[in-house]
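Examining the three-dimensional arrangement
Chain by chain, the residues run as shown.
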Amino acid sequence: MSAVEPSLIQRIIRDDVRAMGAYHVADSHGMVKLDAMENPYRLPPALRRELADLLAEVALNRYPVPSSEALRGELKRVMQVPAGMDVLLGNGSDEIISMLTMAVARAGAKVLAPVPGFVMYAMSAQFAGVGFVGVPLRADFTLDRAAMLAAMAEHQPSIIYLAYPNNPTGTLFDAADMEAIIHAAQGEVCHSLVVVDEAYQPFAQQSWMPRLPEFGNLLVMRTVSKLGLAGIRLGYVAGDPAWLAEIDKVRPPYNVNVLTEATALFALRHVSVLDEQAAQLREQRSRVASALAAHAGVTVFPSAANFLLLRVPDAAAIFERLLARKVLIKNVSKMHPLLANCLRVTVSTPEENAQFLEAFAASLQD
Ligand SMILES: *Cc1c(COP(=O)(O)O)cnc(C)c1O
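Residues numbered from 1 in each chain as written. Predicted model: local features only at pLDDT ≥ 70, side-chain atom pairs only at ≥ 80, totals over all residues. Heavy atoms only, no water.

**Here's the deal with the environment of D15**
Summarising the element assignment, D15 is placed in helix α2 (residues 15-19). D15 gets classed as exposed once you look at its relative accessible area, which sits at 58%. Among the polar contacts listed, one links the side chain of D15 to the side chain of R18, at a separation of 2.6 Å. (Helix = DSSP H or I, 4+ residues; strand = E, 2+ residues; numbered from the N terminus. Buried < 20%, exposed > 50% of the residue type's maximum accessible area, 1.4 Å probe, protein only. Polar contact = N/O pair within 3.5 Å; in protein donor to acceptor, adjacent residues only side chain to side chain.)

**Focus: the UniProt feature "modified residue: N6-(pyridoxal phosphate)lysine" (unreviewed entry) in the protein**
With numbering aligned to this structure, UniProt lists the feature "modified residue: N6-(pyridoxal phosphate)lysine" (unreviewed entry) at K226. With respect to the element layout, K226 can be found in helix α10 (residues 225-229). Once residues lying within four places of it in the same chain are set aside, the contact partners of K226 are A36, M37, N39, A199, Y200, F203 and N306. (UniProt positions renumbered as here; feature names shortened; annotations may be inferred. Contact = heavy atoms within 4.5 Å.)

**Quick word on the environment of R311**
Inspection of the secondary structure puts R311 in strand β10 (residues 307-311). Here the alpha-carbon distance between R311 and C342, two residues 31 residues apart in the chain, equals 4.3 Å. Ignoring anything within four residues of it in the chain, the contact list for R311 reads F141, G297, V298, T299, F301, L338, L339, A340, N341 and C342. A distance of 2.7 Å separates the side chain of R311 from the backbone oxygen of L338, its partner in a polar contact.

**Focus on the sheet that holds strand β13 (residues 342-346)**
The strand order across the open sheet built from four strands is β9-β10-β13-β12, with neighbouring strands paired in antiparallel fashion. For this open sheet the edge positions go to β9 (299-300) and β12 (330-331), each flanked by a neighbour on one side alone. (Pairing = 2+ DSSP bridges.)

**Describing the side chain of R251**
With respect to the element layout, R251 can be found in the loop between α11 (241-248) and α12 (258-269). A distance of 2.6 Å separates a polar atom in the side chain of R251 from a polar atom in the side chain of D248. Here N255 takes part through its side chain, which lies 2.9 Å from a polar atom of the side chain of R251. R251 has contacts with S67, L88, L89 and M99, leaving out every residue within four places of it along the chain.

**Brief notes about a nonpolar patch on the surface**
A surface patch of nonpolar side chains, about 520 Å² in accessible area, is lined by V4, L8, I9, I12, I13 and V17. Sort the elements by how many residues they give to the nonpolar patch and helix α1 (residues 6-12) lands first, with three residues. Here I9 lies in helix α1. Under the relative-accessibility criterion, I9 is labelled partly exposed at 39%. (Patch = residues over 30% accessible without salt bridge, like charges linked within 9 Å, V, L, I, M, F, W, Y side chains within 5 Å. Areas by Shrake-Rupley, 256 points an atom, 1.4 Å probe, with all protein chains shown as cover. Salt bridge = Lys/Arg side-chain N within 4 Å of Asp/Glu carboxyl O.)

**Some remarks on the sheet that holds strand β5 (residues 159-163)**
By way of backbone hydrogen bonds, the strands of a sheet pair with one another, either parallel or antiparallel. The strand order across the open sheet built from seven strands is β2-β8-β7-β6-β5-β3-β4, with neighbouring strands paired in mixed fashion. The open sheet terminates on both sides in strands that have one partner only, identified here as β2 (86-90) and β4 (131-136). Each neighbouring strand pair of the sheet contributes to a mean axis angle of 25 degrees, computed without reference to strand direction. Both β5 and strand β6 (residues 193-197) contribute to a ladder of five bridges, which runs parallel. Paired with A163 across the two strands is D197, which belongs to β6. Lying on the sheet, helix α5 (residues 93-104) is in contact with β2, β3 (110-115), β5, β6, β7 (218-223) and β8 (235-239); it crosses β2 at an angle near 105 degrees. Across the sheet, helix α8 (residues 175-184) lies against β5, β6 and β7, angled at about 170 degrees from β5, the strand it touches most. (Axes fitted to C-alpha atoms, helices over the stretch in contact; angles between N-to-C directions.)

**A word on the domain arrangement of the protein**
Here the protein is described as being made up of domain 1 (12-45 + 271-364) and domain 2 (61-269). Domain 1 and domain 2 are separated by 24 Å when their C-alpha centres are compared. Contacts between the two partners involve 30 residues from domain 1, matched on the other side by 34 residues from domain 2. For the pair domain 1 and domain 2, the two sides together bury roughly 2600 Å², of which 68% comes from carbon and sulfur. For domain 1, the biggest contributors to the area lost against domain 2 are V271, A304 and L338; these three give 21% of the whole. Where domain 1 touches domain 2, the interface holds zero salt bridges. Summed over the shared surface of domain 1 and domain 2, the result is twelve residue pairs in polar contact (both at pLDDT 80 or more). Going through the elements one at a time, α13 (271-293) and β10 are the ones with two or more residues in the side of domain 1 that touches domain 2. Looking at side-chain class alone, the side of domain 1 that touches domain 2 contains 18 nonpolar, five polar and seven charged residues. (Domains from an automatic or database assignment. Buried area = accessible area lost by both parts, 1.4 Å probe. Nonpolar A, V, L, I, M, F, W, Y, C, P; charged D, E, K, R; others polar.)

**Points about the UniProt feature "domain: Aminotransferase class I/classII large" (unreviewed entry) in the protein**
UniProt records the feature "domain: Aminotransferase class I/classII large" (unreviewed entry) at residues 31-360, using the numbering of this structure. Along residues 31-360 one finds 42% helix and 17% strand; the C-alpha atoms at either end are 14 Å apart.

Dropping the structure here:
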């Protein structure tokens with residue numbers, strides 16, 4: 001086997017790509033895994049057997065039906081997408097973010113989002129050669145409306161992302177601030193598409209979906225990942241068909257595979273099971289938040305998602321001590337200066353939450 005010359009790699013692979021670290025996924029073997037906002041619950045055994053029978057009948061030898069008509073119809077019905085609006089599917093909403101970015105990536109184009117926020121907005125922009133403008137949130141992680149409007153005027157972004165609620169802070173931005181931004185982006189301050197990212201909608205129970213018809217520059221993006229189907233990779237974006245028709249042109253053909261499609265259709269027919277799991281997690285969220293807030297020196301930020309952001313005296317130390325106790329959470333303290341000494345923990349089952357809270361209390365004492 002001949003060795004690959006580093007100089008050849010240098011000649012061919014982009015400088016900014018070579019300089020990057022690979023997307024880091026922590027080794028969670030044997031851990032209580034509270035780092036990735038997964039739903040800890042699986043489908044009940046009877047439904048799993050039913051699904052297995054269904055999947056056995058799927059024609060794996062055939063390409064998916066183009067544009068997944070049946071699944072799109074079912075999503076529109078179950079997720080109450082307003083009449084006249086359509087949905088476009090992605091291999092997770094991560095893929096939708098890359099499609100959106102690709103579709104706007106003309107020379108000099110920019111996208112804008114509050115920071116700290118979801119990292120894929122900036123990463124997708126970098127991959128597509130699009131500028132990323134991060135507008136800092138206030139110290140309490142609420143939207144800085146004036147700073148947003150000023151940055152919109154200065155940078156004229158093609159897309160503005162607003163995660164509702166935001167990751168990694170859990171904040172549900174003020175609806176009046178959001179509305180002011182969407183309006184201002186209709187030509188008054190800039191001409192931008194506003195993408196409201198509702199990845200955590202099952203836990204927020206508030207949505208811009210019903211308001212889609214009011215704003216010609218609004219898209220609402222969702223995913224089934226946080227609802228309990230992270231493994232099948234399915235995201236969708238709802239909006240005016242005129243927008244979606246353009247974005248569809250950069251969609252890789254057959255991006256949603258037949259197993260995902262069949263599984264999603266099945267899960268949507270049983271969505272009440274997933275809704276019930278989300279309700280339990282919302283209840284656990286308030287229990288875990290109160291338990292954490294009872295510790296002196298610990299601040300818990302309000303969350304409308306299935307995770308909590310907390311500030312501790314020494315995030316790196318607490319993170320390591322939790323790891324030593326077989327609890328994996330996410331240390332976000334180096335992601336942005338506003339997140340100094342912050343940790344993010346996924347809300348889980350009562351048992352796993354109790355394990356986390358016990359390990360956390362012990363880690364504060366060490
Ligand atoms: C998890 C997450 C997503 C990505 O979801 P996938 O559908 O799993 O790709 C998108 N946006 C936000 C804010 C998220 O936290």
